[in-house]
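Topology and contacts: notes
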Amino acid sequence: MRAAVTVAGVGMHPFGRFAGVSTTDMGVQAVRTALREAGVERGGFQAAFCGTAYGGVATGHKVLSRLGHTGMPIVDVEAGCASGAAALMLAAAAIRAGQYDTALVFGVDKMPKGIIRSSFFEPWQEEAGLAATPSFFALRAQRLSMTSGVTKEHLAQVVVKNRRHGATNPDAMYQKGISLEEVLASRVVCEPLHLFMLCSPNEGAAAVVLRRQGIAATARSGGAAPVILAAAVLRSHLPGSVLSESTPLSGLADDTVPSPTTLAARAAFEEAGLGPADLHVVECQDTDAARELISYEELGLCDPGGSAALLASAATGLGGRLPVNPSGGLLSKGEPLGASALGQVVELVRQLRGACGARQVLGARVALSHTVGRGANAGVVILTR
Amino acid sequence: MTTGRVPVREGLFTDDDAPALVGSRCTACGAHHFPRHDTCPYCAAEDPLPTQLSGTGTLWAWTAVTAAPPGYQGSLPYGVGVVELPEGIRVITRLTEGDPAALRQQQAMELRVVPLHTDAEGNEVVTYAFAPVGAS
C-alpha cells in the first residue's frame, strides 16, 4: 500500500483588501501559522511549492526569505484559479514517491479590483472586446438556464446561501448576509449575471503542511486522527468545447466533450476510492453564481440538468445533506487566484477537525475542494478523516 | 494624415461584400477550426487547409458587456455570443445587437465587418461581428 499523506498544519491570511500589506507579508503570515500548527520549524520541511498567478517572479522564494532560507527547492506554480491545487498535487506526489517526508504548500495573490486582466489573451482579443471574463461566465450561465432550467432567482439564491455561510467566517471579505432582492437589484454586468453574482478578485494567502503518515510529529495533534489527503488532482481541457475555461475562439457543435472539472473529479474519486455519494462537505469554484451550479453537475453531486433542483432542495446549504461552500465560497471570501484552492483546503481541514463553530458541518469526515479556471486548469482535492 | 480601414488583426476575416471568417479544415479528421491553425487542435495533423467559413449560422448563446473590460477600445454596451456554423463549428463572436432581450435562441445570424474604434493614426479599425439576418 502506498504511503498516505497527512495534513499536519494549515494557516490563512484572511481574504480581503489590505493596503500596505505586500504579497510576501500575506504569504509569511499564512506559512508561519501552518508551520506552527504542524510543529515544524525552519529546516523541518524539505521542499516548498507556492501557487500564484499574479505574484510575479520567485514569489515563493520571497516569502521563505523571511523565514530563513535553507537551500531547499522552492517551486512556484501557476495554474490559474487552480494554482494552489497544482502545488498540492506536486507536493503530495513527491511525498508519496519518498522524495520528501514533509513539504510546505502555500498560495498567495494580491489582485487589483475589477475585471481580471489576463496575459492569456492576445492584445487584439482585448481590443475587440473578446477577452471580458464575465462575458464567458454569462454565456455559460445562459446555457445552464437552457439545459438545467436555472433561473435568475436560482443564481441569486446561490449568492444568498454563500453570503449567509460567509457571515460567520472571520477569513471572508464579506461577513454579512445579503437578500435575494439586493442581489437582483445590483447592476447587470453581463446578462444574466448581476454584480453581486460575481466574486471579487482580492488579496490573501493560505498554507498547508503535508507530511507522510507515520513521520513523528512534534506537534500537539492531541492524539486525534489526522486529516488525510486522499487525492490531489489537476487536469487541463480536451479541445472542442467552445465555452470551456480554456476560452478558445471556437469549438465543435458537440455537447459531449467532458469538462476539465469532470476529468479532474473522475480521477480524484478514483485515486481516493470514493464517489460523490461519500461526500459530507464541498468547497467549489463559485467565481460566479452559475459556476457553483455548473460544478454540482460536473462534479457529479447531481445528475446532468439537476443543479437547480439540488439547490432548491436546500441540500447544499448548511444543515442540508451536502453543504457546499460553508466558508462562504469565493462569493464571500473574494478570489486571490493563487490562494483560493488552498483557502478551500484550509476550510475543509478545519471542517474535518470540527473546528468551524457556527458554520460547522456536523460529522463531516469526507470533503472535496474544487477550483477551475484559465488554462484550462481544474483542481479537485479530496480530504478524509 | 491619410486614414484607412484596418482589421483588428490580419488573417481573421475577409472584408468585402460577402465577408467570411478565415479558418482551416483538417484533412485527417475533418474538423474545422477558427482562427486558422497550422496544426489541427483535435488530432495534431499538420497543415490543415485554409478555408473560408460560412457567413451565416444560428445563435447558440449570447450576452452583452456593459462595462469596459481591460484593453477594450470600442463602444458600450456590446453583444458577445456564440454562433453555430453549418460546418459543425461554434464561434465566439461580437454581436451587433447589444440588447440581449432583442435576440432569441437559434436565431438566423449573418457575418458583418463592423467599425470598432479609430486608432492613433486615424485608421478605422474593423472587426467581425454577427448580426440578425436582415438587420439594418
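Values in this document were obtained by computation on a predicted structure and should not be read as measured data.

1. Here we look at the overall build of chain B
- When helices and strands are tallied, chain B shows zero helices and nine strands.
- Counting helices and strands in the order they occur from the N terminus, chain B gives β-β-β-β-β-β-β-β-β.
- Here the C-alpha atoms of chain B give a radius of gyration of 16 Å, agreeing with the 14 Å that 2.2 N^0.38 yields for 136 residues.
- For chain B, the spread of C-alpha atoms along the three principal axes comes to 45 × 40 × 30 Å.
- Looking at chain B as a whole, 38% of its 136 residues qualify as buried.

2. So, the overall build of chain A
- The helix and strand tally for chain A stands at twelve helices and twelve strands.
- For chain A, the residues scored as buried account for 64% of the 385 residues in total.
- Pairs at least 24 residues apart make up 78% of the contacts formed inside chain A by residues separated by at least 6 positions.

3. A few points about the sheet that holds strand E3 (residues 32–33) of chain B
All names here are of chain B.
- Taken together, three strands build an open sheet; the order of strands is E3-E2-E4 and the sheet is antiparallel. Because the sheet does not close on itself, it has two edges, and the strands there are E3 and strand E4 (49–52).
- With two bridges joining them, strand E2 (residues 22–25) and E3 adopt antiparallel strand pairing. Looking at the pairing, Arg25 lines up with His32 of E3.

4. What to know about the pairing of E2(B)
All names here are of chain B.
- The pairing of E2 with E4 spans four bridges and is antiparallel. Note that in E4 the partner of Val22 across the bridge is Gln52.
- In textbook terms, the turn of a hairpin is the stretch between consecutive antiparallel strands, and for E2 and E3 this stretch comprises six residues, one of which, Gly30, has a positive phi near 85°.

5. Remarks on the pairing of strand E3 (residues 74–77) of chain A
All names here are of chain A.
- Looking at chain direction, strand E2 (residues 47–51) and E3 are connected through four bridges and run parallel. Residue pairing for E3: Cys50 is matched across the bridge by Asp76.
- The β-α-β motif built from E2, the intervening helix H2 (residues 59–65) and the parallel element E3 has right-handed crossover chirality.

6. Notes on the interface of chain B and chain A
- Each partner contributes to the interface: chain B provides 33 residues, whereas chain A provides 28 residues.
- Class assignment of the residues belonging to the side of chain B that touches chain A gives a composition of 21 nonpolar, eight polar and four charged.
- In the sheet, strand E9 (residues 250–252) of chain A pairs with strand E7 (residues 89–95) of chain B via three bridges, with the strands oriented antiparallel. Among the inter-strand pairings, A:Gly251 is bridged to a residue of E7(B), identified as B:Arg90.

7. Here we look at the sheet that holds strand E10 (residues 281–283) of chain A
All names here are of chain A.
- The strand order across the open sheet formed by nine strands is E3-E2-E4-E7-E1-E8-E12-E11-E10, and the pairing between neighbours is mixed. Of all strands in the sheet, those with a lone pairing partner are E3 and E10, marking the two edges. Strand after strand, the sheet turns through a mean of 20° between neighbouring axes, direction not considered.
- In this structure, strand E1 (residues 5–16) lies alongside strand E8 (residues 227–235), joined through three bridges in antiparallel fashion. Opposite Val5, over in E8, you have Leu229 as the bridge partner.
- On top of the sheet, helix H3 (residues 83–96) reaches E1, E2, E3, strand E4 (102–110), strand E7 (203–212), E8, strand E11 (366–373) and strand E12 (377–384); it is set at about 160° to E2, its chief contact.

8. Digging into the domain arrangement of chain A
All names here are of chain A.
- The domain boundaries assigned to chain A delineate domain 1 (5–113 + 203–212) and domain 2 (130–199 + 230–384).
- Distance between the C-alpha centres of domain 1 and domain 2: 23 Å.
- Every contact between the two is made by 35 residues of domain 1 and, on the other side, 31 residues of domain 2.
- Every element with two or more residues in the side of domain 1 that touches domain 2 is listed here: E1, H3, E4 and E7.

9. A few points about the nonpolar core
- Counting residues in each nonpolar core, the largest one holds 164 residues, and the members touching the most others are A:Leu88, A:Val105, A:Phe106, A:Ala207, A:Val208 and A:Leu210.
- Non-local contacts of A:Leu88, meaning those with residues more than four positions away in its chain, are made with A:Val105, A:Val208, A:Ala232, A:Leu342, A:Val345 and A:Val381.

10. A look at the domain arrangement of chain B
Residues and elements named next belong to chain B.
- Segmentation of chain B into domains returns domain 1 (10–53) and domain 2 (54–136).
- Summarising the inter-unit geometry, the C-alpha centres of domain 1 and domain 2 are found 20 Å apart.
- Taken together, the ten residues of domain 1 in the interface contact twelve residues of domain 2.
- Residues belonging to the side of domain 1 that touches domain 2 are distributed by class as follows: eight nonpolar, one polar and one charged.

11. Focus on the packing of helix H6 (residues 152–166) of chain A against helix H9 (residues 289–299) of chain A
All names here are of chain A.
- Between H6 and H9, the shortest axis-to-axis distance is 8 Å and the interhelical angle comes to 95°. Taken together, the axes of H6 and H9 are roughly perpendicular relative to one another. Seen from H6, the contacting residues are His154, Leu155, Val158 and Val159; seen from H9, they are Ala289, Ala290, Glu292 and Leu293.
- Its residues assigned to classes, the contact of H6 with H9 comprises six nonpolar, one polar and one charged.

12. Description of the packing of helix H8 (residues 260–272) of chain A against H9(A)
Residues and elements named next belong to chain A.
- In contact at an axis separation of 8 Å, H8 and H9 are set at 45° when each is read in the N-to-C sense. Here H8 is positioned oblique relative to H9, judged by the angle of their axes. The hand of the H8/H9 crossing is right-handed. On H9, the residues that touch Thr261, Thr262 and Ala265 of H8 are Ser295, Glu298 and Leu299.

Conventions we followed
- Residues numbered from 1 in each chain as written.
- Chains lettered and ligands numbered in written order.
- Predicted model: local features only at pLDDT ≥ 70, side-chain atom pairs only at ≥ 80, totals over all residues.
- Helix = DSSP H or I, 4+ residues; strand = E, 2+ residues; numbered from the N terminus.
- Rg over C-alpha atoms; globule rule 2.2 N^0.38 Å.
- Buried ≥ 20, exposed ≤ 12 C-beta atoms within 10 Å, placed from the backbone.
- Contact = placed C-beta atoms within 7 Å.
- Pairing = 2+ DSSP bridges.
- Right-handed = clockwise from strand over helix to strand, strands pointing away.
- Nonpolar A, V, L, I, M, F, W, Y, C, P; charged D, E, K, R; others polar.
- Axes fitted to C-alpha atoms, helices over the stretch in contact; angles between N-to-C directions.
- Domains from an automatic or database assignment.
- Core = buried A, V, L, I, M, F, W, Y, C linked by C-beta atoms within 7 Å.
- Parallel < 35°, antiparallel > 145°, perpendicular 65-115°, else oblique.
- Left-handed = near helix turned anticlockwise from the far one by under 90°.

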